[in-house]
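# Architecture at a glance
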Amino acid sequence: MNKIILYLVLVFLFNQLSAQTDQVIQPGNLKSLKKIDHGVLVKTDKAHLMIQVYQPQVIRVRLSQTPLTGDFSYSVIRQPEGNFKEIRETSVEWQLLTDSLKVIITKSPLVLKIYNIKDQVICEDYQKFSYTWQGTEVTSYKKLFPDEKFLGLGEKTGNVNRRGEKFENWNSDVPAYALNADPIYQSIPFYIGIHDKVTYGIFLDNYFRTKFNFGASTDEQYAYFSAANGEMNYYFFGASSIAGIIRDYTWLTGRMSMPPLWTMGYQQCRWSYFPESEVLSLAHEFRDKKIPCDVIYLDIDYMDSYKIFTWNKEKFPNPKEMIGKLNDLGFHVVTIVDPGIKIEKGYFAYDEGVKNNYFAKYPDGEFYTGSVWPGRCHFPDFTKETVRTWWGNSFTRLTEPGVEGFWNDMNEPATWGQSIPNLVQFDFDGRKASMAETHNVYGLNMTRATFEGTKKLINGKRPFVLTRAGFAGIQRYSAVWTGDNEATDDHMLLSARMVSSMGLSGISFAGPDVGGFMGNPSQELYQRWLAQGVYTPFFRNHSAWGTNHKEPWSFGEEVEKVSRELINQRYRLIPYLYSMFYQSTLTGMPVGRSLTIDYTFDEKVYWYDYQNEYLYGDNLLVVPVSCKQNAAKVYLPEGDWYRLSSGELFKGNDEVIVNAPLDDLPVFVKASGILPLQSVIQSTTQKPSSTLELHIYNGDKTNSFIYYEDDGTTYQYEKGEFYKRLITFDPVKRSISLSKVEGSFTSKFSSIRLVLHSFGEVMTLNGDGKDYTLKLKSSKERTAEIPLDNSEMKIVY
């Protein structure tokens, strides 16, 4: 009888709990609104709402069933700086106004509507159910406009336009991920909406598992996003352009600092190069074959039994001597680092971690154990400041021999055959949290610890940090690669979209494993992917254990020759590329840019056939093409465009078919485009010739380019040691001007070779009272060499 009673009680309690979980709770009607610093505090029947002004076009919305207390973010680095300039009440709503936005809060029921200064609705809650709670899950529903498109969410597969798709954010190790796999390695819960000639952005700052549904499996009336627990806490961006939204998002979450100049070059990686004789042989082969390269990676086999911060003494008996030789040859070394700490008494990282309580643990205080490369491991709690400091200091075992790059892998975090249970506990910088809340920011905090630690250790130099996993704000610390891809055409084309999507989400320094990590590319695929890699911000060739070698000479003499020419082109582009990264540090504008940034309301840039196209900086348009095609159908947006390889002129706003042989990927220069190039070098440690080529492509619109240099190594640029000038082409005034130099750094170039493309019969120039005769380089190009100084220069043709 007692067992029956106990059974009935348990059934009753289970049903009660299920009923609470299934119950849908909504905020209800507005009861009061109170003005507070930087915003308002609202109470409804069942919720508490806070709306704050961070900037006139950036609004924060916090919603909870309980009073709003505390405030903490690993992603956001700003505090609110604005206020509503006017607050009005009517019988049915409150109106909150900034200089850029108008927020309407309806009283019954609670619904938010946001308008721009033209009184156009930008975004509004869904009228029937604006916000809901089901158990701990909180959801925000937004009205779905008929023509609405959605972009972003960072490193996601699928189409550029996310409309009709759903996504989940839960960092996951997914080797050889499918073309529609989700989730994968990164979680960036930030998207951009476009409709009716307006744009907006939303960033959900919640670390629990989150979901975004952009009209998938609904009746096309609403989109929604949700978090498994915690507050509904999002930032709304109301700038009138996608570029403005990216600017404001990266203002909020931070921007990258200038990367080391050597990371602009070609990077060679494999799982694995060992012993050290093979590494040195690889370096010599690059130099002997005169194929430029700046970086060699050491994968997990450089370590002693895969233990982090160790060296395998048999394979690498003298790492400092080896790295010194590599440095002499113009190479930098990047080593892989994984978070798992092997359980082994006598191993310093394990002993120190146990002694100082540095590892994640179960609620009873026992350290969590999971298996990865070294075997059974504990995992550092990177949400604890003392652990981040310890981790950063431990890099002395790598930096002392001369390592300058640090490749953070397995930091989703990944363990063999399981996920770390949600009940595992973390410090969360004194706030205490379980794995359910920590999981998505584990990689972010590991990468932060790596960056902050190594920055202190390498004597004022800039460290290079690369990561597989991350969260919003990762751009402050690291470059990102797109994980364990495959050697297929589809993965090559997908990588272009993924890099563009990350660019839309604040991550400028990104790229895939060129050639595909898993599997063996054909000669044709390798050649095509290498060509695409030239025009990708992060340019690394990588291959898995057991696959064929993918060094540029691995496919025969003909592919080697083409590979050399392609990599040469990358090095010629470094002045242009480095200047574009400088722009990323100023405004968040990515190097690899979705066409949707500049051509937001051009329907064709969203079409399936053209969604892989992207801009590489301000002036180059890149068209990824399958290795099976020798011609491509291309969409060129408004304006005129020149084929980079031939100078052929094409009218924009048109679909054209162009030749696409394996040795000539379709790349186009925007009319009026400005392209600074240098001579070919074998690594960035080698100085180019003293003449900077300045290519100007004729057009009918004025165009400007910010040219930038610094020492490429230190942080002295933050103290004014840089070289910057504005280059302007003005076709109306028939002039090319260079502004007076800003900064105290001396340029590596003492003259410019001006190369004019399609300027007709122009044969003479006048610069600062001096006449220069143009030399015919081809029927479409004319050149003149002009001395360079720091004063303002104006050249008239």
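When two helices pack together, their arrangement is given by the angle between their axes and by how far apart the axes lie. Axis separation between helix α10 (residues 523-534) and helix α11 (residues 557-572) bottoms out at 9 Å; the angle between their running directions is 10°. Relative to α11, the element α10 lies roughly parallel. The residues of α11 that touch α10, namely those facing Q523, Y526, Q527, L530, A531, G533 and V534, are V559, V562, S563, L566, I567, Q569 and R570. Classifying every residue of the contact of α10 with α11 gives eight nonpolar, five polar and one charged.

As summarised here, the arrangement of the nine strands in space is β33-β32-β30-β27-β23-β22-β21-β35-β34, forming an open sheet in which the pairing is parallel. Of all the strands in the sheet, just β33 (510-511) and β34 (513-514) have a single pairing partner and so form its edges. In terms of strand pairing, strand β21 (residues 267-268) meets strand β22 (residues 295-298) through two bridges, oriented parallel. In the sheet register, Q268 faces β22, and the bridge partner there is I296.

Let us now look at the nonpolar core. In this structure, W391, Y535, Y616 and L765 are the most contacted members of the largest nonpolar core, which totals 203 residues. In this structure, Y616 is in contact with V534, Y535, T536, P537, R570, L573, Y576, L577, V591 and V622, ignoring residues within four places of it in sequence. Counting 42 residues, the second largest nonpolar core, distinct from the first, contains A47, V61, W133 and L204.

Time to look at the environment of K211. Here K211 lies in strand β18 (residues 210-213). Along the chain, K211 and E168 lie 43 residues apart, while their C-alpha atoms are 4.4 Å from each other. Among residues more than four places away in sequence, those in contact with K211 are F167, E168, Y224, F225 and S226.

Let us look at the sheet that holds strand β47 (residues 723-730). Taken in spatial order, the six strands make up an open sheet running β46-β47-β48-β54-β50-β51, and their pairing is antiparallel. Looking at strand neighbours, the two that pair on one side only are β46 (703-709) and β51 (770-773), the edges of this open sheet. Adjacent strand axes in the sheet meet at a mean angle of 20° when their direction is disregarded. Here four bridges tie strand β48 (residues 735-738) to strand β54 (residues 793-796), and the two strands are oriented antiparallel to one another. Residue S735 lies in a different strand from β54, and its bridge partner there is V796. Of the strands in this sheet, β46 and β47 are in contact with helix α12 (residues 574-587), which crosses β46 at around 95°.

The next subject is the pattern of salt bridges. On inspection of all chains with the given rule, the structure shows 41 salt bridges. D182 is the partner of K156 in a salt bridge, and the nearest nitrogen-oxygen pair spans 2.7 Å. Taken together, the residues span a long stretch of sequence, with K156 in the loop between β13 (149-152) and β14 (166-169) and D182 in the loop between β14 and β15 (186-187) at a distance of 26 residues. Accessibility expressed as a relative area gives 2% for K156, which makes it buried. According to the relative accessible area criterion, D182 is partly exposed, its value standing at 29%. Ionic pairing is found between D304 and K307, a salt bridge with its closest N-O pair at 3.5 Å. Its relative accessible area of 31% is what places D304 among the partly exposed residues. Residues joined in a network through salt bridges with shared partners are D173, D409, E412, R468 and D484.

This brings us to the side chain of D710. Tracing the backbone through its elements, the reader meets D710 in the loop between β46 and β47. Contact partners of D710, with chain neighbours within four places excluded, come to M258, R462, Y578, Y717, E721, F722 and F745.

Attention now goes to the confidence of the model for the protein chain. Where the model shows low pLDDT, its predicted coordinates should not be examined in detail. In the predicted model, the protein chain carries a mean pLDDT of 95, and the fraction of residues at 70 or more is 97%. Under a pLDDT of 50 for its full length, residues 3-19 has, in the predicted model, zero contacts with residues more than four places off or in other chains.

On to the packing of aromatic side chains. In total, this model carries 78 aromatic pairs according to the counting rule given. Aromatic side chains F382 and Y442 sit 5.3 Å apart centroid to centroid with 70° between the ring planes, which places their arrangement in the edge-to-face category. Remark: Y442 occurs in helix α8 (residues 435-457) and F382 occurs in the loop between β26 (375-378) and α6 (385-394); sequence separation between them is 60 residues. Taken as a pair, F382 and Y442 share a single burial class, namely buried. Ring-pair connections join several aromatic residues into one group, and the members of that group are F150, F167, Y191, Y200, F212, F214, F225, Y234 and F236. Taking the ring centre of Y606 as reference, the NZ or CZ of K149 above it sits at 5.1 Å. A cation over an aromatic ring shows up here: R540 above the ring of W407, its NZ or CZ 4.5 Å from the ring centre.

Scanning the model with the defined rule gives five cavities of 30 Å³ or more in all. Here the largest cavity defines a volume of roughly 150 Å³. In terms of lining, the largest cavity is formed by 17 residues, of which the most central are S257, P259, P463, Y477 and S478. Counted by class, the lining of the largest cavity contains 12 nonpolar, three polar and two charged residues.

Moving on to the side chain of K142. If you trace the backbone, K142 turns up in strand β12 (residues 137-143). Reaching out from K142, the side chain makes a polar contact with the side chain of D125 at a distance of 2.6 Å. The residues contacting K142, other than those within four sequence positions of it, are C123, E124, D125, Y126, Y131, Y191, I202, Q221, Y222, A223, F225 and Y234.

Okay, a negative patch on the surface next. Residues E557, E558, E565 and D663 make up a contiguous surface patch of negative charge. Looking at where E557 falls in the secondary structure, it is placed in helix α11.

Because an α-helix completes one turn every 3.6 residues, residues spaced three or four positions apart along the sequence face the same direction. Restricting attention to buried positions, one finds in helix α4 (residues 319-328) the residues P319, M322, I323 and L326. Down the axis of α4, the buried set is contained in an arc of 95°. They therefore lie on one face. At its buried positions, α4 is contacted by α3 (276-289), β22 and β23 (332-337). Note on α4: the residue one or two positions beyond its end, G330, has a positive phi of about 90°.

It is worth spelling out unusual backbone geometry at this point. Here D182 and P183 are connected by a cis peptide whose omega angle stands at 0°. Within the secondary structure, P183 is located in the loop between β14 and β15. Note the cis peptide between F274 and P275, where omega equals -5°. With respect to the secondary-structure elements, P275 resides in the loop between β21 and α3. For K290, which is not glycine, the phi dihedral falls at a positive 55°. If you trace the backbone, K290 turns up in the loop between α3 and β22. Positive phi, close to 65°, is recorded for Y306, a residue that is not glycine. Summarising the element assignment, Y306 is placed in the loop between β22 and α4.

What follows is about the environment of I752. With respect to the helices and strands, I752 occurs in strand β49 (residues 751-757). Excluding residues within four positions of it along the chain, I752 makes contact with T691, L692, L694, A784, E785, I786, L788 and I795.

Analysis parameters
Residues numbered from 1 in each chain as written. Predicted model: local features only at pLDDT ≥ 70, side-chain atom pairs only at ≥ 80, totals over all residues. Heavy atoms only, no water. Axes fitted to C-alpha atoms, helices over the stretch in contact; angles between N-to-C directions. Helix = DSSP H or I, 4+ residues; strand = E, 2+ residues; numbered from the N terminus. Parallel < 35°, antiparallel > 145°, perpendicular 65-115°, else oblique. Contact = heavy atoms within 4.5 Å. Nonpolar A, V, L, I, M, F, W, Y, C, P; charged D, E, K, R; others polar. Pairing = 2+ DSSP bridges. Core = buried A, V, L, I, M, F, W, Y, C linked by side-chain atoms within 4.5 Å. Buried < 20%, exposed > 50% of the residue type's maximum accessible area, 1.4 Å probe, protein only. Salt bridge = Lys/Arg side-chain N within 4 Å of Asp/Glu carboxyl O. pLDDT = per-residue confidence, 0-100. Phe/Tyr/Trp six-rings, centres within 6.5 Å; stacked < 30°, edge-to-face > 60°. Lys NZ or Arg CZ within 6 Å of the ring centre and 35° of its normal. 1 Å grid on protein atoms, 1.4 Å probe; cavity = no way out; pocket = protein on both sides within 12 Å on 5 of 7 lines; lining within 4 Å. Points joined across faces, edges and corners; volume = space filled by probe spheres on them. Polar contact = N/O pair within 3.5 Å; in protein donor to acceptor, adjacent residues only side chain to side chain. Patch = residues over 30% accessible without salt bridge, like charges linked within 9 Å, V, L, I, M, F, W, Y side chains within 5 Å. Areas by Shrake-Rupley, 256 points an atom, 1.4 Å probe, with all protein chains shown as cover. Lys, Arg positive; Asp, Glu negative; His and termini not counted. Charge placed at Lys NZ, Arg CZ, Asp CG, Glu CD. Arc of directions from axis to C-beta.

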